[in-house]
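# Topology and contacts: notes
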Amino acid sequence: MSRVGPAVTLTLTAAGAAAVSYLWWHSTRTIAGPGGVLTTIGEGLGLLAGYGVVVAVLLMARLPPVERGVGADRLARWHATLGRWLIWIISGHVLFIIWGYAVAAHSGLVSETATLLTTYPDVLMATVAYFLLLGVGLTSLRAARRRLRYETWYYLHLYSYLAIALAFSHQFANGAAFVDDALARFAWEVLYVVTAALIVWYRLIVPARDFGRHRFVVAGLRQETNHTVSVYIKGRNLGELGAAPGQFFRWRFLTRGLWWQSHPYSLSALPSDEVMRITVRDVGDPSNMLRVLQPGTPVLAEGPFGAFFPIHPGRASLLLAGGVGITPLRAMMAALTGSVVLIYRASSWQDVALQAELDALAASRGAQVHYLIGSRSELGGDPLTADTLASIAPGLDAMECYVCGPPGMTAAAVAALRSAGTPRRRVHVESFEF
Amino acid sequence: MRGVVVAVVVTVAGLVALLSFKTHTSSAERAVASTGNLSPLLPGEHAVIGRAVPTVYGPVQVRVVEQARKIVAVDILQHPAETGMDIQIGQYAFPKLVGETLAAQSARIDTVSGATYTSGGYISSLQSALDGKSAVGKQSAVGKQSALSGGA
């Protein structure tokens, strides 16, 4: 499987930014007059924003080598950070352009804004685009996300595409870098067209094609505990998908009430050529009707995704699961051929899922399973410390460590592993904030 | 579900309105940009067209209208118009330059600050028109408004 890791991704992005900076430099023919410096800064910020939105979109384009190399959780965090920066960069662009133009044209800020909106081509569209992006940014603030259902936030976020489309033409109509430079315009068009094509291909066509090829349907459900249920999905030639244990798919159940939602769930067992299994915790959204899924419901499955899978299955491995993070690790356990120690951290026994399977796998493979159950107050502190882990798994500084769980738990676990001497390259993490 | 319908309707309506918006040029700009709309000469007036002077932002060319050896008007035949900023600067600078020309009755006028290149082009074109006083009353074919990118 080809993988494009974080270092390569960041380097490519930086190289693009350098090319854009050169374009900016090349296009400032003379910085003339009182408004010149301000306008030039505004144009530079504009170019950076025009490039930055493309990067932000590509991070979410679900390009398979990047998904396998960087991981969906990390890509989502990068996208969020870049999005925050872009709000500032675009706001700076707007400010410096209005200010620089006003100074150069000897008019006031308000009248120059009006002139820009009414007489400069495509500026009104770009302005609407700016406010759309501001809106998207506002809905993504933590305070807003707490109040919004995930799907509402998601569909509002899609307005970003509209904003990018609306703002595109004003770059060519007014941008100093493009007005005189046919080569620059061509390169910019290629950048946007290729990005759009990748989005259409990987986010629309590939899932539709896979659905036609593999015909995913719900085969059945099994109640695992009071709060967890396993869903079995059957299909044809599932081996072609090349899903590795530890990876996840994005599932869209095509039935009333669920068809507009897409959920990422890890495979909780090794996939066969005909069946895949996910194990889902029934929490959160009261409209989640996962329990009432009928066998025969068609499923749109996108994937496999995730950079979280065993690269060295023969090595001694330590698996650290927090809550629902057990699912990819349960799948991995069946595939690892070296010695395995599993530590399962949960606040109460009610949160423990698939216990019978874990114990059975442990018995048949000679793996050790340790349950660290209870709240921190009950246990007298956080059990995820270097000392505790080292006593459970001596020699962990030489093991491949796989950590999966909610962000707080994974942060504590990784810190403990590192301070117990495990080098960074042997610590693999997957953590989702959904 | 109703919220979705409302959102879609509002988005579509907004887009239709937005895309049908057409930018307009103000009447002041139209006055500066006039080329084929030169007012016909009154009896006793004669006009001389100066050369098109290339500047970084595009050529500037003026036509001087004189009556009885007195400059009575200056028309701008060509001016930088590639970007909205060029037009805005011209809107600001040309009226000033023309006013100074009428007052000074020569090309020895000050440049307008913030419009150095435009002023320079204006003054050179004006001077060339004043130097070539042999042209009598005819308007030579006005060239294309295209920008001669003089080293941009």
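Structure shown above.
Here's what I pulled together on the structure shown here. (Residues numbered from 1 in each chain as written. Chains lettered and ligands numbered in written order. Predicted model: local features only at pLDDT ≥ 70, side-chain atom pairs only at ≥ 80, totals over all residues. Heavy atoms only, no water.)

A count of helical and extended segments in chain A gives 16 helices and 11 strands. Its C-alpha atoms give chain A principal-axis dimensions of roughly 80 × 50 × 40 Å. In chain A, buried positions account for 46% of the 434 residues. Intrachain contacts of chain A at a sequence separation of at least 6 include 70% that bridge at least 24 residues. Accessible surface for chain A amounts to roughly 20100 Å². Of this, 64% is attributable to carbon and sulfur atoms. Distance between charge centres in chain A, computed from 35 positive and 27 negative side chains, equals 2 Å. (Helix = DSSP H or I, 4+ residues; strand = E, 2+ residues; numbered from the N terminus. Buried < 20%, exposed > 50% of the residue type's maximum accessible area, 1.4 Å probe, protein only. Contact = heavy atoms within 4.5 Å. Areas by Shrake-Rupley, 256 points an atom, 1.4 Å probe, with all protein chains shown as cover. Lys, Arg positive; Asp, Glu negative; His and termini not counted. Charge placed at Lys NZ, Arg CZ, Asp CG, Glu CD.)

For the rest of this paragraph, the subject is the pattern of salt bridges. Residue and element names in this part refer to chain A. A full pass over the atoms with the stated rule returns 10 salt bridges over all chains. One salt bridge connects R222 with E357, and the closest N-O pair in it is separated by 3.2 Å. You can see R222 sitting in strand β1 (residues 217-223) and its partner E357 sitting in helix α13 (residues 355-365), a full 135 residues away along the chain. A salt bridge links R281 to D351; the shortest N-O distance between them is 3.0 Å. With a gap of 70 residues between them, R281 in strand β5 (residues 275-281) and D351 in the loop between β8 (340-346) and α13 connect regions that are remote in the sequence. Salt bridges sharing partners connect three or more residues here, namely R222, E224, R277, R330 and E357. (Salt bridge = Lys/Arg side-chain N within 4 Å of Asp/Glu carboxyl O.)

Right, let's talk about the pairing of strand β3 (residues 248-253) of chain A for a bit. Put simply, side chains in a regular strand alternate between the two faces of the sheet. Residue and element names in this part refer to chain A. Taking burial as the measure, the six residues of β3 include five buried ones, the bulk of the element. Where β3 lies against strand β4 (residues 263-266), four bridges are found, and the strand directions are antiparallel. For F249, the partnering residue across the bridge sits in β4 and is Y265. Bridging between β3 and strand β6 (residues 299-305) involves five bridges; their strand directions are antiparallel. (Pairing = 2+ DSSP bridges.)

Moving on, we come to the sheet that holds strand β11 (residues 427-430) of chain A. Residue and element names in this part refer to chain A. With parallel pairing, five strands are arranged side by side in an open sheet as β9-β8-β7-β10-β11. In this open sheet, the two edge strands, each paired with only one partner strand, are β9 (368-373) and β11. Direction aside, the axes of adjacent strands within the sheet are offset by 15° on average. Sheet topology note: the β8/β9 ladder contains six bridges and is parallel. Directly across from A346, in β9, lies its bridge partner I373. Here α13 sits on the sheet and contacts β8 and β9; the angle it forms with β9, its principal contact strand, is near 145°. (Axes fitted to C-alpha atoms, helices over the stretch in contact; angles between N-to-C directions.)

A few words on the side chain of S266 of chain A. All names here are of chain A. Relative to the helices and strands, S266 is located in strand β4. Residue S266 is classed as buried on the basis of its relative accessible area, which comes to 12%. Leaving out residues up to four positions away in the same chain, S266 has contacts with Q247, F248, R277, I278, T279, T327, P328 and E430.

A separate point is the interface of chain A and chain B. The interface is formed by 23 residues belonging to chain A together with 21 residues belonging to chain B. Summing both partners gives a buried area of about 2000 Å² for chain A against chain B, and 66% of it is carried by carbon and sulfur. On the surface where chain A and chain B come into contact, there are zero salt bridges. Our enumeration of links across chain A and chain B arrives at six residue pairs in polar contact (both at pLDDT 80 or more). Those elements giving two or more residues to the side of chain A that touches chain B turn out to be α4 (72-104), α5 (109-119), α6 (123-139) and α9 (159-174) of chain A. The biggest single contributor to the side of chain A that touches chain B is α5 of chain A, with five residues. Of the residues contributing to the side of chain A that touches chain B, the split by class is 15 nonpolar, five polar and three charged. (Buried area = accessible area lost by both parts, 1.4 Å probe. Polar contact = N/O pair within 3.5 Å; in protein donor to acceptor, adjacent residues only side chain to side chain. Nonpolar A, V, L, I, M, F, W, Y, C, P; charged D, E, K, R; others polar.)

What follows covers the packing of helix α3 (residues 84-104) of chain B against helix α4 (residues 116-131) of chain B. All names here are of chain B. The geometry of α3 relative to α4 is characterised by a closest axis approach of 10 Å and an angle of 40° between their N-to-C directions. By the criterion of interaxial angle, the relationship of α3 to α4 is oblique. Two packed elements cross with a definite hand, and for α3 against α4 that hand is right-handed. Across the interface between the two elements, I89, F94, L97, V98 and T101 of α3 pack against T118, S119, Y122 and L126 of α4. For the contact of α3 with α4, the residue count by class is six nonpolar, three polar and no charged. (Parallel < 35°, antiparallel > 145°, perpendicular 65-115°, else oblique. Left-handed = near helix turned anticlockwise from the far one by under 90°.)

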